[in-house]
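Now for the letters of each chain:
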Amino acid sequence: MKIIFLTNTQLKLLVRVVTFQLMPRQTQLKCYWDWSTAGKLKDGEPYEEGDSVGNHTYLSIKGSFIWERNVVPDYIWFNGTASHYIEGDGIADTTKPLVLK
């Protein structure tokens, strides 16, 4: 048996990776929430819509939702630095999507 010692940073990374891999596969996850659609009324009253499984696809007080099953997480790492876009800054490569953080 080999004992491995991890730094605090390595341990935090390991915990995050394991946690992401434990995402439910059989149940559905809310993967999209469009709150800009909230506030619609039917006959002057708030309403809700659902899918065949019973998940809310629209709630007047929250907006629209999209649910998915067997979701594979995107692994995106933060290296501890941040950059910011300020209105008026030039965009270096306009052929790729601009990622705002």
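Since the structure is predicted, the reported quantities are computational estimates derived from the model, not experimental observations.

Caption draft 1: Seen up close, the environment of Val71. Here Val71 shows up in the segment after strand E6 (63–68). Expressed as a C-alpha distance, the spacing of Val71 and Leu29, which sit 42 residues apart in the sequence, is 7.7 Å.

Caption draft 2: The arrangement of the packing of aromatic side chains in detail. By the definition in use, this model includes two aromatic pairs. The residue whose ring lies beneath Lys30 is Trp33, and the NZ or CZ to ring-centre distance is 5.5 Å. Stacked on the ring of Phe65, the Lys or Arg Lys30 has its end atom at 4.2 Å from the ring centre.

Caption draft 3: Highlighting a nonpolar patch on the surface. Together, Tyr85, Ile91 and Leu98 give the surface a local cluster of nonpolar side chains, amounting to about 270 Å² of exposed area. Position of Tyr85 relative to the elements: it lies in the segment after E6.

Caption draft 4: Region of the structure containing the sheet that holds E6. On the basis of which strands lie adjacent, the open sheet formed by four strands has the order E1-E6-E5-E4 and antiparallel pairing. Two strands close off the open sheet at either side, each with one partner strand: strand E1 (29–34) and strand E4 (48–50). Each strand of the sheet is rotated relative to its neighbour by a mean of 15 degrees, with strand direction disregarded. Across two bridges, strand E5 (residues 56–59) lies against E6 in antiparallel orientation. Bridging from a neighbouring strand, Leu59 pairs with Gly63 of E6.

About the thresholds
Residues numbered from 1 in each chain as written. Predicted model: local features only at pLDDT ≥ 70, side-chain atom pairs only at ≥ 80, totals over all residues. Heavy atoms only, no water. Helix = DSSP H or I, 4+ residues; strand = E, 2+ residues; numbered from the N terminus. Phe/Tyr/Trp six-rings, centres within 6.5 Å; stacked < 30°, edge-to-face > 60°. Lys NZ or Arg CZ within 6 Å of the ring centre and 35° of its normal. Patch = residues over 30% accessible without salt bridge, like charges linked within 9 Å, V, L, I, M, F, W, Y side chains within 5 Å. Areas by Shrake-Rupley, 256 points an atom, 1.4 Å probe, with all protein chains shown as cover. Salt bridge = Lys/Arg side-chain N within 4 Å of Asp/Glu carboxyl O. Pairing = 2+ DSSP bridges. Axes fitted to C-alpha atoms, helices over the stretch in contact; angles between N-to-C directions.

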